[in-house]
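# Residue-level structural notes
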Amino acid sequence: IERFYLEAIRSLSRKEKAFIESRFVDSSNRRNSISEADFKLNIKNGESLLTGDTRILQRIATSTNKKEYRIELIHDSFCPPISELKRIRKMRRKVLSRIFLIAVLALCAGIMTFIYQQNEKKWMLLEIESRYWIAEAEKLINEGDTYLATMLALNALPNDKDAPNRPYVKDADY
């Protein structure tokens, strides 16, 4: 019966399969009926499930004038396999959700590590640049050009030691 059911719903979308599993079998594993309008709204090519070799559903009249119909499974024996498939799909969805969450967290951790490393490299390069300018300023002081040396030193040192715009070079404290 499970193979027959799977063959019948093979051409349906994942959403349509989930609709059948959730609406045609109730919580106590018994068949359930739904309105024909609801069926047609949610299962576009559902006519193949009502007729032919892969017929798993039937139309039943609910009014005396036979103008209102409901759709249900053709037999209760379809309920256990459908319930089991529903349980398996839910379990797969839960596992895939967890895998997706783990992948997203790993990706975020990787991005954060990359950003941190880039920040570290930026500060290291700024410190190297600051050391270079201070060394050049020291050369200028030794040559007697204190004005240009002061300008270079001011360029190399942070504007504010508490919130520097570049790393503070301790060995060049002017």
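All residue numbers here refer to positions counted from 1 along the written sequence of the relevant chain. pLDDT decides what is reported in this predicted model: residues at 70 or higher carry local features, side-chain atom pairs at 80 or more are listed and counted, and totals for whole chains, interfaces and linings draw on all residues regardless. Side-chain figures throughout are based on the complete set of non-hydrogen atoms in the structure, without hydrogens or water.

Below, the discussion takes up the overall build of the protein chain. Helices and strands together make up the secondary structure of the protein chain, namely six helices and three strands. Along the protein chain, helices and strands appear, N-terminal first, in the series α-α-β-α-α-β-β-α-α. Sorting the 174 residues of the protein chain into buried and exposed places 27% on the buried side. Whether two residues are in contact is decided by their heavy atoms, any of which lying within 4.5 Å being enough. A separation threshold of at least 6 residues defines the contact pool for the protein chain, and within that pool the share at least 24 residues apart is 48%. Of the roughly 12,400 Å² of accessible surface on the protein chain, 56% is carried by carbon and sulfur atoms. Only DSSP runs of H or I with at least four residues qualify as helices, and only runs of E with at least two residues qualify as strands; both kinds are numbered from the N terminus onward. Exposed residues in this analysis have more than 50% of their type's maximum accessible area, buried residues have under 20%, and partly exposed residues fall in between, with area computed by a 1.4 Å probe over protein chains only. Methods summary: accessible areas were calculated by the Shrake-Rupley approach with a probe of 1.4 Å, and residue burial reflects only the protein chains presented.

By definition, the strands of a sheet pair up through backbone hydrogen bonds, in either a parallel or an antiparallel sense. If DSSP finds at least two bridges between two strands, the strands pair. On the basis of which strands lie adjacent, the open sheet formed by three strands has the order E1-E3-E2 and antiparallel pairing. Each having just a single partner strand, strand E1 (34-35) and strand E2 (57-61) make up the two edges of the open sheet. Inspection of the sheet shows E2 paired to strand E3 (residues 69-73) by five bridges, in the antiparallel sense. Each bridged residue has a counterpart across the sheet, and for Leu57 the counterpart in E3 is Leu73.

Whenever a carboxyl oxygen of Asp or Glu lies within 4 Å of a side-chain nitrogen of Lys or Arg, that contact is scored as a salt bridge. On inspection of all chains with the given rule, the structure shows 10 salt bridges. In this structure, the salt-bridge partner of Arg23 is Asp38, at a minimum N-O distance of 2.8 Å. Of this pair, Arg23 sits in helix H2 (residues 14-23) while Asp38 sits in helix H3 (residues 36-42), placing them 15 residues apart in sequence. Close ionic contact of Glu36 with Arg59 constitutes a salt bridge, the shortest N to O distance being 2.5 Å. Highlighted residues: Glu36 in helix H3 and Arg59 in strand E2, separated in sequence by 23 residues. Residue classification places Glu36 among the buried positions, given a relative accessible area of 14%. The structure contains a network of salt bridges with shared partners spanning Glu36, Lys40, Glu47 and Arg59.

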